[in-house]
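Here are the chains, one letter per residue:
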Amino acid sequence: MNKTYLFVSWFVALAAMLGSLYYSEVRGLAPCVLCWYQRILIYPLVAILAVGIIRQDRGVPFYVLPLSIIGIGVALFQWLLQLGVIPEQAAPCTLGVSCVTKYVEYFGFITIPFLSLVAFIAITTMMLLSLKTSN
Amino acid sequence: MSKETKIVLGVCLVIVAALVLLIVNYSGTSTKIEPGSAMYERLERANSHRTGQPGAKVTLVEFADFQCPACAYVAPITEQVVAAYKDNPDFSFVFRHFPLPQHQNAIAAAAAAEAAGQQGKFWEMYHEIFANQTEWESSANAAELFAGYAQGLSLGVDQFKADSQSDKYDDFITNDAKDGIALGVNSTPTFFLNGEPIVGVQTFEEFKAMIDAKLK
């Protein structure tokens, strides 16, 4: 059970990393500031989870959770910004890539920050479940 | 709680507190531009749009992008400020263009304001463009909408269209933006009150307090 959680989390982190690189390097969408912070939080998880899987380390969730939980915060903030829940008019417009523009939108609601939020929540959930079941 | 945990948590707490303090108090502000310096000359140019007199005792300069929601939000506030001090010869408000590259209609909006200014109604068009921002900001037909506002202001529409859709104001707009960049502007709206940078939306009360303090 535990191993499954680790593997699935690892695949989610991998997908997030490769997906974000696809959008920036292939589709040419430059990451905004908030995207960079989310990348900083999720890219390392690919390595951390890989090592945890290989070492069969039950303590891996402790290394992953601080990053994934903060990641939920950043992704949630950007998602709410894009939805207009956090009022854009309160925030100055900065020179550079906009964190608010929906560069990509599938089915009317799936945007990049949304995907990021789902990834962080999924990883956090699986790490918590992994801790719970390993006791 | 182990000693290591206490140390780590303690350090993290201090760092977070310091970051919050720094960001809340200092983000976006560059240092004051000193009067008399070469940089100060860039705050307002002889042909900049202003209320009141050049070289007034208290000058509020705004670098703004017509397509920026925060600028539209603060526009009624700056209009309120201008109205409050309109009979005071010691106060002047100066508007400088700072169109951002991610805003597709920003330069067209700036040109529309300039074209209206050519016919003597810059500030009226400034009002219309900001007040109706949600209408034109993502429209592929912004030029027609601006022409509509011009008509509403009783401007010569043919002349307005010819002027606003030409490139005659490009240099003026670009030079405003260049001055802004040189002054350290990297977001809109950015205000300068006698050279002191103020980034982002302020309330009328906040402006009034700062202006009154300088008028003394």
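Thresholds applied
Residue numbers run consecutively from 1 along every chain, following the written order of its sequence. All chains are assigned letters beginning with A, and all ligands numbers beginning with 1, in the order in which they are written. pLDDT decides what is reported in this predicted model: residues at 70 or higher carry local features, side-chain atom pairs at 80 or more are listed and counted, and totals for whole chains, interfaces and linings draw on all residues regardless. Where side-chain values are given, they derive from all heavy atoms of the structure, hydrogens and water being excluded. DSSP bridges decide pairing: two strands pair if at least two such bridges lie between them. Here a strand is any run of E in DSSP of at least two residues, a helix any run of H or I of at least four, and the numbering for each starts at the N terminus. To get an axis, fit a line to the C-alpha atoms, keeping to the stretch in contact for a helix; angles then go from 0 to 180 degrees between the N-to-C directions. Whether two residues are in contact is decided by their heavy atoms, any of which lying within 4.5 Å being enough. Within 6.5 Å between ring centres, the rings of Phe, Tyr and Trp (the latter by its six-membered ring) count as paired, and their orientation is classed by plane angle as stacked under 30 degrees, edge-to-face over 60, tilted in between. Working rule: Lys NZ or Arg CZ, within 6 Å of ring centre, within 35 degrees of ring normal, means a charge sits over the ring. Disulfides are defined as pairs of cysteine sulfur atoms found within 2.5 Å of each other. Under the scheme applied here, a residue whose accessible area is under 20% of the maximum for its type counts as buried, over 50% as exposed, and between as partly exposed, the area being computed with a 1.4 Å probe on protein chains only. A helix is expected to span 1.5 Å for every residue after the first. Two axes define the bend at a residue: one fitted to the seven residues ending there, one fitted to the seven starting there, and the bend is the angle between them. Salt bridges are identified by distance alone: a Lys or Arg side-chain nitrogen within 4 Å of an Asp or Glu carboxyl oxygen. Buried area: the accessible area, evaluated with a 1.4 Å probe, that two parts lose upon being put together, summed over both parts. Any pair of N or O atoms that falls within 3.5 Å is considered a polar contact. Within protein, one atom must be able to donate a hydrogen and the other to accept it, and sequence-neighbouring residues count only if both atoms are side-chain atoms. Amino acids outside the nonpolar list (Ala, Val, Leu, Ile, Met, Phe, Trp, Tyr, Cys, Pro) and the charged list (Asp, Glu, Lys, Arg) are all regarded as polar, and Gly is one of them. pLDDT measures how confident the predictor is about each residue, on a scale from 0 to 100. Residues with no salt bridge and a relative accessible area higher than 30% make up the patches, which join like charges within 9 Å and nonpolar side chains (Val, Leu, Ile, Met, Phe, Trp, Tyr) within 5 Å. Accessible areas in this description were obtained via Shrake-Rupley with a 1.4 Å probe; residue shielding takes into account the shown protein chains only. Oblique is the label for any angle not covered by the other classes, which are roughly parallel (under 35 degrees), roughly antiparallel (over 145) and roughly perpendicular (65 to 115). The crossing is said to be left-handed when, going from far helix to near helix, the turn is anticlockwise and less than a right angle, and right-handed when the turn is clockwise.

Draft legend 1. Summary view of the sheet that holds strand 3 (residues 91-97) of chain B. Residue and element names in this part refer to chain B. If you trace the five strands from one edge of the open sheet to the other, you get 1-3-2-5-6, paired in mixed fashion. Edge positions in the sheet fall to strand 1 (49-51) and strand 6 (196-199), since each of these pairs with one other strand and no more. Across the sheet, the mean angle separating the axes of adjacent strands is 20° when strand polarity is ignored. Pairing between strand 2 (residues 58-64) and strand 3: seven bridges, direction parallel. In the sheet register, V61 faces strand 3, and the bridge partner there is V94. The sheet strands contacting helix 4 (residues 122-131) are strand 1, strand 2 and strand 3, and the helix crosses strand 3 at an angle near 60°.

Draft legend 2. Layout of the packing of aromatic side chains. Summed over the entire model, instances satisfying the criterion amount to 22 aromatic pairs over all chains. Taken together, the ring pairs connect F66, F93, F95, F122, W123, Y126 and F130 of chain B into an aromatic cluster. Seen from the ring of W36 of chain A, R39 of chain A lies directly overhead, with NZ or CZ sitting 4.9 Å from the centre.

Draft legend 3. Molecular detail of the environment of Q118 of chain B. All names here are of chain B. Tracing the backbone shows Q118 in helix 3 (residues 106-118). A C-alpha to C-alpha distance of 21 Å links Q118 and N132, two positions 14 residues apart in sequence. Setting aside anything within four residues of it in sequence, one finds Q118 in contact with D163, K168 and Y169.

Draft legend 4. Representation of the state of the cysteines within the structure. All chains considered together, the criterion is met by one disulfide over all chains. Disulfide pairing places C93 of chain A opposite C68 of chain B at an S-S distance of 2.4 Å. Taking the sign of the S-S torsion, 95° for the link of C93 of chain A and C68 of chain B, the bridge is right-handed. With C93 of chain A in strand 1 (residues 93-94) and C68 of chain B in the loop between strand 2 and helix 2 (69-84), the pair connects residues from two separate chains. The pair C93 of chain A / C68 of chain B is uniform in exposure class, with both members buried.

Draft legend 5. Region of interest: the side chain of S139 of chain B. In this structure, S139 of chain B sits in the loop between helix 5 (133-136) and helix 6 (142-152). Those residues in contact with S139 of chain B that sit more than four places away from it in its chain are N105 and L145 of chain B.

Draft legend 6. Structural context of helix 3 (residues 60-83) of chain A. All names here are of chain A. Compared with an ideal rise of 1.5 Å per residue, which puts 24 residues at 34 Å, helix 3 spans 34 Å between its outermost C-alpha atoms and is within 8% of the ideal. Of all the bends in helix 3, the greatest, near 25°, is centred on P66. Buried residues of helix 3: V60, P61, V64, L65, S68, G71, V74, A75, Q78, L81 and Q82, and no others. Buried residues along helix 3 sit in contact with helix 1 (2-26), helix 2 (33-55) and helix 4 (112-133). Backbone geometry just downstream of helix 3 places G84 in the positive-phi region, at approximately 85°.

Draft legend 7. Here's a closer look at the pattern of salt bridges. All names here are of chain B. Evaluated as defined, the whole model comprises eleven salt bridges over all chains. Among the salt bridges present, the one from E196 reaches K32, with a minimum N-O distance of 3.7 Å. Of this pair, E196 sits in strand 6 while K32 sits in the loop between helix 1 (3-26) and strand 1, and the two are 164 residues apart along the sequence. Under the relative-accessibility criterion, K32 is labelled partly exposed at 36%. Here the salt bridges share partners, and the residues they tie into one network are R42, R45, R96, D176 and D179.

Draft legend 8. Spotlight on the interface of chain A and chain B. Facing the eight residues of chain A at the interface are 15 residues of chain B. Of the roughly 930 Å² buried where chain A meets chain B, counting both sides, 69% is carbon and sulfur surface. At the junction of chain A and chain B, the tally comes to zero salt bridges. One can count three residue pairs in polar contact (both at pLDDT 80 or more) joining chain A with chain B. Residue composition of the side of chain A that touches chain B, grouped by class: four nonpolar, three polar and one charged. Across two bridges, strand 1 of chain A lies against strand 4 (residues 187-188) of chain B in antiparallel orientation. Bridge assignment links C93 of chain A to a residue of strand 4 of chain B, and that residue is T188 of chain B.

Draft legend 9. How the structure looks around the confidence of the model for chain A. Averaged over all residues, the pLDDT of chain A is 90; the fraction at 70 or higher stands at 95%. Within chain A, the lowest mean pLDDT, 83, falls on strand 1 of chain A, and the highest, 96, falls on helix 2 of chain A.

Draft legend 10. Quick peek at a nonpolar patch on the surface. All names here are of chain B. A cluster of nonpolar side chains, I7, V11, I15, L19, L22, I23 and Y26, forms an exposed patch at the surface whose accessible area comes to about 700 Å². Looking at where I15 falls in the secondary structure, it is placed in helix 1. Given a relative accessible area of 46%, I15 falls into the partly exposed group.

Draft legend 11. Region of the structure containing the packing of helix 4 of chain B against helix 6 of chain B. Residues and elements named next belong to chain B. Orientation of helix 4 relative to helix 6, taken along the N-to-C sense of each, is 135°, at an axis distance of 10 Å. With respect to helix 6, the element helix 4 is oriented oblique. As for how helix 4 packs across helix 6, the hand of that crossing is right-handed. Where helix 4 approaches helix 6, its residues M125, E128 and I129 are matched on the opposing element by F146, Y149 and A150. Partitioned by chemical class, the residues of the contact of helix 4 with helix 6 number five nonpolar, no polar and one charged.

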